[in-house]
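Descriptive analysis of the structure
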Amino acid sequence: MMINIHETHHCHCIVINNIKDVFDWTFALIKLNLEVFPVTVLTDAMAATKAAKEQKYDRQLRLWGDHGQEALENAHVCLINATATGTEILKNLVLPGIGAFTIVDGHTVSGEDVGHNFFLSHNSIGKNRAQAATELLQELNTDVSGNFVEESPDILLDNNPEFFHRFTIVIGVQLPESTSLRLGSVLWSASVPFLLCKTYGLIGYMRLVVQEHTVIESHPDNALEDLRLDQPFAEFEKHIHSYDLESMDKKDHSHTPWIVIIAKYLEKWLSEQDSQLPKNYKEKEAFRQIIREGILKNENGVLEDEENFEEAIKNVNTALNPTKIPSVIKDLFNDNQCNNITSQTTPFWVMLRAVKEFVHNEGCGSLPLRGTIPDMIADSQKFINLQNVYREKALQDAASVGGYVESLLQSVGKVPESISEKDIRLFCKNASFLRVVRCRSLAAEYGVDSVNRDEISSCMDNPDSEMVFYLMLRAVDRFYQQHSRYPGVYNYQVEEDISKLKLCVTSMLQEYNLNVNIKDDYVHEFCRYGAAEPHTVSAFMGGSGAQEAIKIISHQFVPFNNTFIYNAMSQTSATLQL
Amino acid sequence: MADAEEPEKKRRRIEDLTDNYSRHLFKWENLRNGMAVDGGACDWDGRWNHVRKFLERPGPFTHPDFEPSAESLHFLLETCKILVIGAGGLGCELLKDLALSGFRLIHVVDMDTIDLSNLNRQFLFRPKDVGRPKADVAADFINSRIPGCKVVPHFKKIQDFDESFYRQFHIIVCGLDSIIARRWMNGMLISLLSYEDGILDPSSIIPLIDGGTEGFKGNARVILPGMTACIDCTLELYPPQVNFPMCTIASMPRLPEHCIEYPRIFQWPKEKPFGETSLDGDNPEHIQWVFDRALERAAQFNITGVTYRLTQGVVKRIIPAVASTNAVIAAACASEVFKIATSAYIPLNNYLVFNDVDGLYTYSFEAERKENCSACSQVPQDLQFPPSAKLQEVLEYLTENASLQMKSPAITTTLEGKNKTLYLQSVKSIEERTRPNLCKTLKELGLSDGQELAVADVTTPQTVLFKLNFTG
């Protein structure tokens, strides 16, 4: 558990307060700035058994597994600003059980805050917002350690920027541009993932800033099977030859897996067709006809009902897809990280390089076999035997990859045990689904020379593209910089702020040399928002922001890259590359 | 899908629809509620600032019929009555979202009690609440956290209420995990519609906002019953549940799931390990028993991968769920409730799909009404069968047809002026008495061309009338 870290730097003291410690009298005495408040559920944490925890998290363990959960439980998330959007994000991380969170917020709770934020209560008005929100968020889940720092991020950046290095991810909400950029640069050089989030009226904005994020388990929705029917391996061929469809009795014939049926008829086809696979529709249809002719007939010449043959015919199309390495993976093979293995290289890239070596040698141009087959009509014995052929080959391939991993590790002076056999098997099983996400830095996005002018201009060919909201948010930031307030916060300001905000739009477009047109309606609409953070938009961003943080923490599923805009008016969204 | 050629026309259509509806809503309420109650004692300075900006300021993108006014907030706070169906993953979020958007008169219906496995997302519940009714605990929590909010809980089934209950609400939001319950609710709101000379009376429409989630996927939709696509219009979007073939489970298991289904389906009723009780997925001893038998069966066939977690998943047909997806979908639904109640913006037309497995993906489109929808079209439903078809075939059609998907249809008709039940499943004695009819042909049953068949099913509160058309 994290307790009371006092850090001194230039005589400045950062106090990280842990909510649970408040009950420990010794600590309570030290922390004179804390009031004692009632939290009633603390002792439950001790009583919670492992089984109860498994039951509590059951519905999510089925999505990211015990190892995903372990990653969450080891994570320490920093939230800057406990606004409605901020606490909604944190709520959706506290519920699934992150290890710890720390809220950084120097604001005092206002009546307006309580009006739209579920994790602030009426009697917290006037208190520090980090503390008030921590109390109510901590109460959601006793497995989580809640901490808070009553300080603005700017002061922490002034006095002790290293403060932010300790976190698994930093989430900054409703930050002014200057703070985003400063924090962005500190986190970028420390390689700490940074998620920026903002709710502005009916528009939601999210920006992920991470130098490199690697994903082994991307959990693709509709993955093709890896069956190698076009290039059967020796053990598979041997297995196929153990079948003789002609001499089988009816029961065995109709319970032969479709993979075997296709492989059998494919052998025949290849010997007759100059070793060319059926490619186009016509050839595939001819091939299907050959399979159809293999269906048994009864004594009257009527076709028997053989569902396994029907399955084979249905699967011809996808089963004959040539085995190839996805272009995403080929690109990764050519990546510098893959080709320059050093003692600093992460296990992901070491394993990727090992897979590349495998492809060039034992794999003869193919990735290690995935080793799974889909369910199909077959009797138990035939199915299990076939499954084992694939499974054993996959283990064999993973062992070969393991050999390369070992020599790569040795070559940079590391012990072979630093990457486990289990990890290598998981990596090989997911070899076609690996993903690497690299975001641009905020500095690059904001630089006049490095701005992604093409993306902005091409999106703005449609003046109502979600890009217009990004540009408007940038203009609002500019307004804040110039006036130290947001446009249209009070009713009387709306009219006059429209022209002021328009000036910001124009000067921003000029500065970035962007030849795009922004309709006046959008300027008006953003003044109307007056920095309002309607709860439902905050809650939408809270859900999606939390899920992106979980992706970063668990290294499962694929995060967006790099800017997400949500428009609650039309319930549409877009992901922009900026 | 939303076609590109005429977006403007469609936009206008949905404007007209909602325009009609919300204008009516306001008039009605103004009549009923002359008294202005400003906020109430529990409000504090600045409480509704965020909401008021959307109600009191004009804007370029508002609904054409929108009139900025302080009255709107008053309407939300004091008059507008919302029903939330379900106090689970979506329901908890919906209650919070609505309460913080200014809605105070909220009813919530849920027949479930709290389970430990709810706590990873149903954030109004704590370990001490396990076993208590979801609706009660959720209402208490919201009412104590959000001063002035008056959530009324109903620890009941939706079927326990009649028309008069549902008619009191301005808008109904569903956060359900059951398609049957959704269809029933949909059917109930359609039954409330009144037509005069074939023209729908807009004042009889209660909008239905429906959300659904599964893992990292979800959808939100806006239904104006009788005007836009209803749940049954788009039934094809819900794939029917796939069950493993019995012969696979009985004699040739291949997957660990098959090994788990075997003790569940065959061994439990025969061995009665806990007496006459039926298998309870929430009873760990029951699951353990199934798990042990499944392991034995798996060993016998050399099948690997049977785990306790998988056993529980198969027995209870568990759908994975996380806090984040529920938060997203409920938020989208609550935004739509706000739009409709205030006519501040044109509501979603009419279907939103969300998926955040790979990046963040949303897609909105207009689901189309089905001309001959069995729930909302008022078009008589035809059944085309030859006179030689057996009643069994008709029954199979009703359950298997993708746009009907009934569960246990009861078929009645009028023969020689008398009501006759042809088949009814839900009452054991009647089932036994009517079962022989299934093997009879339609002709043998005395049915004639053009005969009307009334079909009752759990998917709808009303019976559906079918006209039997004999084919050659």
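Okay, the overall build of chain A next. Assigned secondary structure in chain A consists of 25 helices and 13 strands. A principal-axis box enclosing the C-alpha atoms of chain A has dimensions of 90 × 60 × 50 Å. Burial analysis of chain A (578 residues in total) assigns 59% to the buried set. Of the contacts formed within chain A by residues at least 6 apart in sequence, a portion of 68% connects residues at least 24 apart. A distance of 2 Å separates the average location of the 51 positive side-chain charges in chain A from that of its 77 negative side-chain charges.

Opposite the 79 residues of chain B that make contact, chain A presents 88 residues. Regarding the contact of chain B and chain A, the summed buried area is about 7,100 Å², with carbon and sulfur atoms giving 57% of it. Connecting chain B to chain A are 7 salt bridges. For Arg 309 of chain B, the salt bridge is made with Asp 66 of chain A, and the minimal N-O distance between the two is 2.8 Å. Seen at the junction of chain B and chain A, the total is 47 residue pairs in polar contact (both at pLDDT 80 or more). Listing elements by their share of the side of chain B that touches chain A, those giving two or more residues are helix H2 (49–56), helix H4 (89–100), helix H5 (134–145), helix H11 (308–316), helix H12 (323–342), strand E9 (351–355) and strand E10 (361–365) of chain B. In terms of residues, the side of chain B that touches chain A owes the most to one element, H12 of chain B, which gives 10 residues. When grouped by side-chain class, the residues that make up the side of chain B that touches chain A number 39 nonpolar, 21 polar and 19 charged.

With that out of the way, let us pick up unusual backbone geometry. In this model, Asn 561 of chain A is joined to Asn 562 of chain A through a cis peptide bond whose omega is -5°. Look at the link from Asn 349 of chain B to Asn 350 of chain B: it is a cis peptide, with omega at -10°. In this structure, Asn 81 of chain A takes a positive phi of about 80° despite not being glycine. Examined against the element boundaries, Asn 81 of chain A turns out to sit in the loop between strand E4 (76–80) and helix H5 (84–94). With a phi close to 60°, Arg 228 of chain A is a non-glycine residue in the positive phi region.

What follows concerns the packing of helix H4 (residues 58–73) of chain A against H11 of chain B. Think of two packed helices as two axes; the pair is described by the angle between the axes and how far apart they sit. Close contact between H4 of chain A and H11 of chain B brings their axes to 11 Å; oriented N to C, the two are set at 130°. With respect to their mutual orientation, H4 of chain A and H11 of chain B come out oblique. Crossing angle aside, the handedness with which H4 of chain A passes H11 of chain B is left-handed. On H11 of chain B, the residues touching Asp 58, Arg 59, Leu 61, Arg 62 and Asp 66 of chain A of H4 of chain A are Arg 309, Gln 312, Gly 313 and Lys 316 of chain B. Residues of the contact of H4 of chain A with H11 of chain B, tallied by class, amount to 1 nonpolar, 2 polar and 6 charged.

Here Pro 207 of chain B lies in the loop between strand E6 (199–200) and strand E7 (208–214). For the pair formed by Pro 207 of chain B and Lys 217 of chain B, sequence separation is 10 residues and the distance between their alpha carbons is 24 Å.

With that out of the way, let us pick up the packing of aromatic side chains. Going through the model one piece at a time under the given rule, you end up with 37 aromatic pairs over all chains. Taken together, a centroid distance of 5.5 Å and an interplanar angle of 85° make the contact between Trp 268 of chain B and Trp 289 of chain B edge-to-face. You can see Trp 268 of chain B sitting in helix H9 (residues 256–271) and its partner Trp 289 of chain B sitting in helix H10 (residues 284–300), a full 21 residues away along the chain. With respect to burial, Trp 268 of chain B and Trp 289 of chain B carry one shared label: buried. By the ring-pair criterion, three or more aromatic residues cluster together here, those being Tyr 200, Phe 469, Tyr 480, Tyr 486, Tyr 522, Phe 526 and Tyr 529 of chain A together with Phe 54 and Phe 61 of chain B. Here Lys 91 of chain A stacks its cationic end above the ring of Phe 123 of chain B, 4.8 Å away from the centre of that ring. Positioned above the aromatic ring of Phe 118 of chain A is the side chain of Arg 145 of chain B, whose terminal nitrogen or guanidinium carbon lies 5.0 Å from the ring centre.

The full count for this structure, using the stated rule, is 55 salt bridges over all chains. Members of the salt-bridge network, linked through shared partners, are Glu 88 and Lys 91 of chain A together with Glu 93, Lys 96 and Asp 97 of chain B.

Attention now goes to the pairing of strand E12 (residues 563–567) of chain A. Residues and elements named next belong to chain A. Counting buried positions along E12 yields 5 of 5 residues, so the element is predominantly enclosed. Here E12 shows no split at all, with Thr 563, Ile 565 and Asn 567 on one side and Phe 564 and Tyr 566 on the other all buried. One ladder, built from 5 bridges, connects E12 with strand E13 (residues 572–576); its direction is antiparallel. Looking at E13, one finds that Asn 567 is bridged to Thr 572.

All names here are of chain B. In space, the 8 strands of this open sheet follow the order E3-E2-E1-E4-E7-E8-E9-E10, with mixed pairing throughout. For this open sheet the edge positions go to strand E3 (150–154) and E10, each flanked by a neighbour on one side alone. Going across the sheet, the axis of each strand differs from the next one's by a mean of 15°, ignoring polarity. As paired strands, E7 and strand E8 (residues 217–223) are joined by 7 bridges and run antiparallel to one another. The residue of E8 that forms the bridge with Ile 209 is Val 222. The sheet contacts of H4 involve strand E1 (81–85), strand E2 (105–109), E3, strand E4 (171–175) and E7, and relative to E1 the element is tilted by about 160°.

The predicted model of chain A has a mean per-residue pLDDT of 92, with 93% of residues at 70 or higher. Segment residues 1–12 of chain A is flagged for pLDDT under 50; beyond a separation of four residues in sequence, or across chains, it makes 37 contacts in the model.

We now examine the sheet that holds strand E13 (residues 418–423) of chain B. Residues and elements named next belong to chain B. Taken in spatial order, the 5 strands make up an open sheet running E11-E15-E14-E12-E13, and their pairing is mixed. Two strands in the sheet have a free side with no partner beyond their single neighbour: strand E11 (381–385) and E13. The sheet shows a mean angle of 35° between the axes of neighbouring strands, direction not considered. With 5 bridges connecting them, E11 and strand E15 (residues 460–470) associate as parallel partners. Each residue of the ladder has a partner; that of Phe 385, found in E15, is Phe 470. Its contacts with the sheet put helix H13 (residues 391–400) on E11, strand E12 (410–415), E13, strand E14 (452–457) and E15, and the angle it makes with E11 is roughly 135°.

What counts, and where the lines are drawn
- Residues numbered from 1 in each chain as written.
- Chains lettered and ligands numbered in written order.
- Predicted model: local features only at pLDDT ≥ 70, side-chain atom pairs only at ≥ 80, totals over all residues.
- Heavy atoms only, no water.
- Helix = DSSP H or I, 4+ residues; strand = E, 2+ residues; numbered from the N terminus.
- Buried < 20%, exposed > 50% of the residue type's maximum accessible area, 1.4 Å probe, protein only.
- Contact = heavy atoms within 4.5 Å.
- Lys, Arg positive; Asp, Glu negative; His and termini not counted.
- Charge placed at Lys NZ, Arg CZ, Asp CG, Glu CD.
- Buried area = accessible area lost by both parts, 1.4 Å probe.
- Salt bridge = Lys/Arg side-chain N within 4 Å of Asp/Glu carboxyl O.
- Polar contact = N/O pair within 3.5 Å; in protein donor to acceptor, adjacent residues only side chain to side chain.
- Nonpolar A, V, L, I, M, F, W, Y, C, P; charged D, E, K, R; others polar.
- Axes fitted to C-alpha atoms, helices over the stretch in contact; angles between N-to-C directions.
- Parallel < 35°, antiparallel > 145°, perpendicular 65-115°, else oblique.
- Left-handed = near helix turned anticlockwise from the far one by under 90°.
- Phe/Tyr/Trp six-rings, centres within 6.5 Å; stacked < 30°, edge-to-face > 60°.
- Lys NZ or Arg CZ within 6 Å of the ring centre and 35° of its normal.
- Pairing = 2+ DSSP bridges.
- pLDDT = per-residue confidence, 0-100.

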